[in-house]
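Structural overview
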Amino acid sequence: MEPENTESRELSLEALDLGIDLRRAVSVTAFRQNASELIEETVSSNRPLLLTTNGASKAVVVGVELFQQLFDLADEAVTLHRLRRGLGEAERGETRPAEDHLADLKQKHASILD
């Protein structure tokens, strides 16, 4: 069973260069009837499948490989965000030397270190 192409769903992650097109959609009922075939197609194409109920988006089915790619990409985005925030704090003079932090930690946890 080929998923219907929902043109109204303009959400696309193609800009992330993962070849993802979330306009691939199938109803939950159709998915139940053809789950094995649709899962195999989703895994082999490495593209997500949007599940709908009454025309509304409800869930996305992805293969493990694509899930890992997306997870890694999200992890990288979080890391970059934290780095940018830290650099901004450093530029604004909102940081302290590492030695000061280490001294605070040693004092706070002195009973554990002894």
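Calculation rules
Residues numbered from 1 in each chain as written. Predicted model: local features only at pLDDT ≥ 70, side-chain atom pairs only at ≥ 80, totals over all residues. Heavy atoms only, no water. Helix = DSSP H or I, 4+ residues; strand = E, 2+ residues; numbered from the N terminus. Buried < 20%, exposed > 50% of the residue type's maximum accessible area, 1.4 Å probe, protein only. Contact = heavy atoms within 4.5 Å. Areas by Shrake-Rupley, 256 points an atom, 1.4 Å probe, with all protein chains shown as cover. Phe/Tyr/Trp six-rings, centres within 6.5 Å; stacked < 30°, edge-to-face > 60°. Pairing = 2+ DSSP bridges. Core = buried A, V, L, I, M, F, W, Y, C linked by side-chain atoms within 4.5 Å. Salt bridge = Lys/Arg side-chain N within 4 Å of Asp/Glu carboxyl O.

Attention now moves to the overall build of the protein chain. Within the protein chain, the regular secondary structure consists of five helices and four strands. Of the regular secondary structure in the protein chain, the N- to C-terminal order runs β-β-α-α-β-β-α-α-α. Counting all 114 residues of the protein chain, 19% fall into the buried class. Long-range pairs, those at least 24 residues apart, make up 40% of the contacts in the protein chain between residues at least 6 apart in sequence. Working note: accessible area of the protein chain is about 8500 Å², and carbon and sulfur atoms make up 54% of it.

Once that is clear, we can look at the side chain of threonine 52. Looking at the secondary structure, you find threonine 52 in strand S3 (residues 49-53). In this structure threonine 52 comes out as buried when scored by relative accessible area, which is 9%. Not counting residues up to four positions away in its chain, the partners in contact with threonine 52 are Ala25, Val26, Ser27, Val28, Ser57 and Lys58.

In this section: the packing of aromatic side chains. Summed over all chains, the structure comprises one aromatic pair. Here phenylalanine 67 and phenylalanine 71 contribute two aromatic rings whose centre-to-centre distance is 6.4 Å and whose plane-to-plane angle is 25 degrees, an arrangement assigned as stacked. Placement of both phenylalanine 67 and phenylalanine 71 in helix H3 (residues 64-91) is noted, with a separation of four residues, approximately one turn of the helix. Under the relative-accessibility criterion, phenylalanine 67 is labelled partly exposed at 49%. We classify phenylalanine 71 as partly exposed; its relative accessible area is 48%.

Of note in this structure, asparagine 46 is not a glycine but carries a positive phi near 55 degrees. Note on placement: asparagine 46 falls in the loop between helix H2 (35-45) and S3. Phi at asparagine 54 takes a positive value of approximately 50 degrees, unusual for a residue other than glycine. Looking at the secondary structure, you find asparagine 54 in the loop between S3 and strand S4 (56-61). Taking the relative accessible area as the measure of exposure, asparagine 54 reaches 83% and is therefore exposed.

Here the focus is the pairing of S4. Two strands pair when backbone bridges link them, and S3 and S4 are joined in this way by five bridges, in the antiparallel orientation. Note that in S4 the partner of leucine 51 across the bridge is alanine 59. Turn length for the S3-S4 hairpin, with the two strands adjacent in sequence and antiparallel, is two residues, and the turn residue asparagine 54 shows positive phi of about 50 degrees.

Moving on: the nonpolar core. With seven residues, the main nonpolar core is built from Val26, Ala30, Phe31, Leu38, Leu49, Leu51 and Val61. Elements with a contribution of two residues or more to this core: helix H1 (28-33) and S3.

This part takes up the pattern of salt bridges. Taken as a whole and judged by the stated rule, the model has three salt bridges. With a shortest N-O distance of 3.0 Å, glutamate 41 and arginine 24 are connected by a salt bridge. Taken as a pair, glutamate 41 in helix H2 and arginine 24 in strand S2 (residues 24-27) lie far apart in primary sequence, 17 residues in all. Between glutamate 94 and arginine 92 there is a salt bridge whose closest N-O contact spans 3.0 Å. The exposure class of glutamate 94 is partly exposed, given its relative accessible area of 48%. The exposure class of arginine 92 is exposed, given its relative accessible area of 54%.

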